[in-house]
Amino acid sequence: MNILLWHVHGSWTTAFVQGPHTYLVPVLPDRGPDGRGRARTFPWPASVREATPDELRDAEVDLVVLQRPHEIELAERWLGGRRPGRDVPAVYLEHNAPDGDIPNTRHPFADRDDLTLVHVTHFNRLFWDNGGTRTEVVEHGVVDPGHRYTGRLARAAVVVNEPVRRGRHTGTDLLPALAEAAPLDVFGMRTEGLAAHLGLPEERCRSADLPQSELHAAMAERRLYLHPVRWTSLGLSLLEAMHLGMPVVALATTEAVEAVPPGAGVVSTRPQVLAEAARRYLAEPDAAAEDGARARQAALGRYGLKRFLNDWERVMTEVRS
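Reading the values: rules and limits
Residues numbered from 1 in each chain as written. Predicted model: local features only at pLDDT ≥ 70, side-chain atom pairs only at ≥ 80, totals over all residues. Heavy atoms only, no water. Phe/Tyr/Trp six-rings, centres within 6.5 Å; stacked < 30°, edge-to-face > 60°. Lys NZ or Arg CZ within 6 Å of the ring centre and 35° of its normal. Pairing = 2+ DSSP bridges. Helix = DSSP H or I, 4+ residues; strand = E, 2+ residues; numbered from the N terminus. Axes fitted to C-alpha atoms, helices over the stretch in contact; angles between N-to-C directions. Buried < 20%, exposed > 50% of the residue type's maximum accessible area, 1.4 Å probe, protein only. Right-handed = clockwise from strand over helix to strand, strands pointing away. Parallel < 35°, antiparallel > 145°, perpendicular 65-115°, else oblique. Left-handed = near helix turned anticlockwise from the far one by under 90°. Contact = heavy atoms within 4.5 Å. Nonpolar A, V, L, I, M, F, W, Y, C, P; charged D, E, K, R; others polar.

**What to know about the packing of aromatic side chains**
The tally for this structure, following the rule as stated, stands at 10 aromatic pairs. The structure contains a cluster of three or more aromatic residues connected by ring pairs, namely Trp12, Phe16, Tyr23, Phe308 and Trp312. Stacked on the ring of Tyr281, the Lys or Arg Arg280 has its end atom at 4.9 Å from the ring centre.

Okay, structure coming up:
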């Protein structure tokens, strides 16, 4: 198939484009949000092809994967009047947990009979009001980075983008107490100045924005992966940490309770329990490695790339039938 999708989430798209199709990714001269084109920091195969709006007008497209509400109008215009869901099969992929008046959160594509709404977690499908739209869940898949865990550094890795702006959503307010239990290395975009913002010594809360090619190696050197997020969809960085063989210490919110099974780490709604777990992993590196190995096996079983691509093949076949 020729599949049209926008470059919105680099990590998710990296897994999706490992399938057997041709993937048309819009590109604009400014490479802005509606035309980023191919990723520059993720390894995408040659089957991902950039296409300008003029090229898309006459392109053969078998499926449109929508990820933002305005893309349905954009796709119709760029496809020369072909309507996603009517003239071209379409799915709407919802990456995010709902926000706002929860649980009265009506999805923008609720009560549609022309497309399928695909959620990335069962939690998201449960909390969005999907109305009468046909829904599916295709859980995340991860390109396996390999069992790279060493845990040689007695520190906790945290991966989060914009922790200052996102605040309570990402559990940024919990970091000072957790940093007393384990020194933190926070990786992600716009993490600079985080220690000063939280009133922490730099040594207890270091931050860095590493390129994707360096991030996994840096994570795997830390003793544990800390996931203090209150409210977001299931972060791919959590699943990547498990694939690396890292033990996980996570808030028991949204989908984390499904992703981290017993023996792969500690999941709790009590920050003090997370702090105690972090201290234990720092003091007992062998226990950290053992739990990390179980985390890797769990992630390979539930969030492996083969399962992910097979699930998508099933959904795409049904949508086009």
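Read on for the rest.
**So, the sheet that holds strand S10 (residues 205-208)**
Taken together, 6 strands build an open sheet; the order of strands is S10-S9-S8-S11-S12-S13 and the sheet is parallel. The sheet is open, and its two borders are formed by S10 and strand S13 (265-268), each paired with just one other strand. Along the sheet, successive strands turn relative to each other by an average axial angle of 20 degrees, direction set aside. By the bridge criterion, 4 bridges tie strand S9 (residues 184-187) to S10 in an arrangement that is parallel.

**Details of unusual backbone geometry**
Omega for the bond connecting Ile102 with Pro103 falls within 30 degrees of zero, at 5 degrees, which places this linkage in the cis form. The residue Pro103 is located in the loop between strand S5 (90-94) and strand S6 (116-119) in this model. Residue Glu162 is not a glycine yet carries a positive backbone phi of 55 degrees. Counting through the fold element by element, Glu162 comes out in the loop between strand S8 (153-159) and helix H5 (163-166). Among the residues examined, Glu162 registers a relative accessible area of 18% and is labelled buried. Residue Arg190 is not a glycine yet carries a positive backbone phi of 55 degrees. Tracing the sequence through the fold places Arg190 in the loop between S9 and helix H7 (194-198).

**Here we look at the pairing of strand S1 (residues 2-5)**
Successive residues of a regular strand alternate their side chains across the two faces of the sheet. The side-chain alternation of S1 yields two buried faces, one formed by Asn2 and Leu4 and the other by Ile3 and Leu5. The pairing of S1 with strand S2 (residues 22-26) spans 3 bridges and is parallel. Bridge pairing links Asn2 to Thr22 in S2. The parallel pair S1 and S2, bridged by helix H1 (residues 10-16), forms a crossover whose chirality is right-handed. Bridging between S1 and strand S4 (residues 63-66) involves 3 bridges; their strand directions are parallel. Bridge pairing in S4 places Leu5 opposite Val65.

**Looking at the packing of helix H9 (residues 236-244) against helix H12 (residues 285-303)**
One way to put it is that H9 packs onto H12 with a least axis distance of 6 Å and a crossing angle of 120 degrees. In this view, H9 runs oblique relative to H12, as classed from their interaxial angle. Seen along the crossing, H9 lies across H12 with a hand that is left-handed. The residues of H12 that touch H9, namely those facing Leu239, Met242 and His243, are Gly292, Ala295, Arg296, Ala298, Ala299, Leu300 and Tyr303. Tallied by class, the residues present in the contact of H9 with H12 amount to 7 nonpolar, 2 polar and 1 charged.

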